[in-house]
Amino acid sequence: MTTPSNPSAATPLTERQEERRRRILKAGVRLARRGGFDAVQMREVADSSQVALGTLYRYFPSKVHLLVATMQDQLRQLHDGLHRRPPTDAEPAARVANTLMRAFRGLQRDPQLADAMVRACLFADRSVSQEVDVVSQLTRRIILDAMRLDGPPSPQQMAAARVIEHTWHSTLITWLSGRASIGEVTADIETVCRLVDLPAAVPPPDDRG
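Residues numbered from 1 in each chain as written. Predicted model: local features only at pLDDT ≥ 70, side-chain atom pairs only at ≥ 80, totals over all residues. Heavy atoms only, no water.

An unreviewed UniProt entry annotates the protein chain as TetR family transcriptional regulator of Streptomyces tardus.

Draft legend 1. Fine view of a nonpolar patch on the surface. Judged by side-chain polarity, Val 163, Leu 195 and Leu 198 come together as a nonpolar surface patch covering roughly 230 Å² of accessible area. Considering the arrangement of structural elements, one finds Leu 195 in the segment after helix H9 (182–193). For Leu 195, a relative accessible area of 31% corresponds to the partly exposed category. (Patch = residues over 30% accessible without salt bridge, like charges linked within 9 Å, V, L, I, M, F, W, Y side chains within 5 Å. Areas by Shrake-Rupley, 256 points an atom, 1.4 Å probe, with all protein chains shown as cover. Salt bridge = Lys/Arg side-chain N within 4 Å of Asp/Glu carboxyl O. Helix = DSSP H or I, 4+ residues; strand = E, 2+ residues; numbered from the N terminus. Buried < 20%, exposed > 50% of the residue type's maximum accessible area, 1.4 Å probe, protein only.)

Draft legend 2. Up close: helix H6 (residues 111–123). Here H6 spans 18 Å end to end across 13 residues, near enough to the 18 Å set by a 1.5 Å rise per residue. For H6, the set of buried residues is Leu 113, Ala 114, Asp 115, Ala 116, Met 117, Val 118 and Ala 120. In this structure, the buried residues of H6 make contact with helix H1 (15–35), helix H4 (63–84), helix H5 (92–108) and helix H8 (155–176). (Expected span 1.5 Å × (residues − 1). Contact = heavy atoms within 4.5 Å.)

Draft legend 3. Highlighting the packing of H1 against H6. At their nearest, the axes of H1 and H6 sit 6 Å apart, and the two run at 110 degrees to each other. By the angle class used here, H1 and H6 are roughly perpendicular. Regarding H1 and H6, the two cross each other, and that crossing is right-handed. Two secondary-structure elements touch here, H1 through Val 29, Ala 32, Arg 33, Arg 34 and Gly 35 and H6 through Gln 112, Leu 113 and Ala 116. In the contact of H1 with H6, the residues fall into four nonpolar, two polar and two charged. (Axes fitted to C-alpha atoms, helices over the stretch in contact; angles between N-to-C directions. Parallel < 35°, antiparallel > 145°, perpendicular 65-115°, else oblique. Left-handed = near helix turned anticlockwise from the far one by under 90°. Nonpolar A, V, L, I, M, F, W, Y, C, P; charged D, E, K, R; others polar.)

Draft legend 4. Structural context of the packing of aromatic side chains. All chains considered together, the criterion is met by three aromatic pairs. Here Phe 104 and Trp 168 contribute two aromatic rings whose centre-to-centre distance is 6.2 Å and whose plane-to-plane angle is 80 degrees, an arrangement assigned as edge-to-face. You can see Phe 104 sitting in helix H5 and its partner Trp 168 sitting in helix H8, a full 64 residues away along the chain. Each member of the pair Phe 104 and Trp 168 is classed as buried. By way of ring pairs, the aromatic residues Phe 104, Trp 168 and Trp 175 are connected into one cluster. (Phe/Tyr/Trp six-rings, centres within 6.5 Å; stacked < 30°, edge-to-face > 60°.)

Draft legend 5. Representation of the layout of surface pockets within the structure. By volume, the largest pocket amounts to about 540 Å³. Lining the largest pocket are 24 residues; nearest its centre among them are Gln 74, Leu 78, Ala 103, Gly 106 and Leu 107. Elements represented by at least two residues in the lining of the largest pocket include exactly H4, H5, H6 and H8. Here the element with the most residues in the lining of the largest pocket is H4; it accounts for eight residues. (1 Å grid on protein atoms, 1.4 Å probe; cavity = no way out; pocket = protein on both sides within 12 Å on 5 of 7 lines; lining within 4 Å. Points joined across faces, edges and corners; volume = space filled by probe spheres on them.)

Draft legend 6. Representation of the packing of H6 against H8. It is the contact of H6 with H8, at a shortest axis distance of 10 Å, that shows an interaxial angle of 120 degrees. When the interaxial angle is binned, H6 and H8 end up oblique. In this structure, the crossing between H6 and H8 has a hand that is left-handed. On H8, the residues that touch Pro 111, Ala 114, Asp 115, Val 118 and Leu 122 of H6 are Leu 172, Ile 173, Trp 175 and Leu 176. When its residues are assigned to classes, the contact of H6 with H8 shows eight nonpolar, no polar and one charged.

Draft legend 7. View of the side chain of Thr 99. Following the sequence through the fold, Thr 99 ends up in helix H5. From its side chain, Thr 99 meets the backbone oxygen of Arg 95 in a polar contact 2.8 Å long. Beyond its immediate stretch of four places on either side in the chain, Thr 99 contacts Leu 82, Pro 87, Ile 142 and Ala 146. (Polar contact = N/O pair within 3.5 Å; in protein donor to acceptor, adjacent residues only side chain to side chain.)

What follows is the structure, given as structure tokens:
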């Protein structure tokens, strides 16, 4: 965790700052659940979390920053939950698919919040690139953990994790926009997760000499 005034700094938040940050995130979640992205107004967030508006902006320079941080928080909670109750499927592809569908079912219960977080990631400009990268890293970490690798991931496994991550975010967008059914989302996730069960690519023979 970093100081609110400088997200790139390595100085941890104090206990009081962390408590304030949690109040702000909770206030943003309440508003997003009520009306999605448009319902999250920074002045209302400040009032609901009982912080000054200027203080809020030191923690989160915009509502996009706030909602991307909310998505990070949701992914960390999912990651922690998977450590407590990991998937039990025998095959890596099934474990990854069931992990992502568990996350998807959670988002189904909170569609307004899901829409707000996804729209924030889509609207993010360069000022939020570091925070969006963390969302990507957390998603990939969840996928790799579900694979349960014996050692560091191979280049092929990392490529598979990236493709699964991209597909996961894409299906989330199409579902939220009403362009994909739950059945289609499930089929797409299960299909792309089969990448992790493919055998390692065999390098072409070296015919030099």
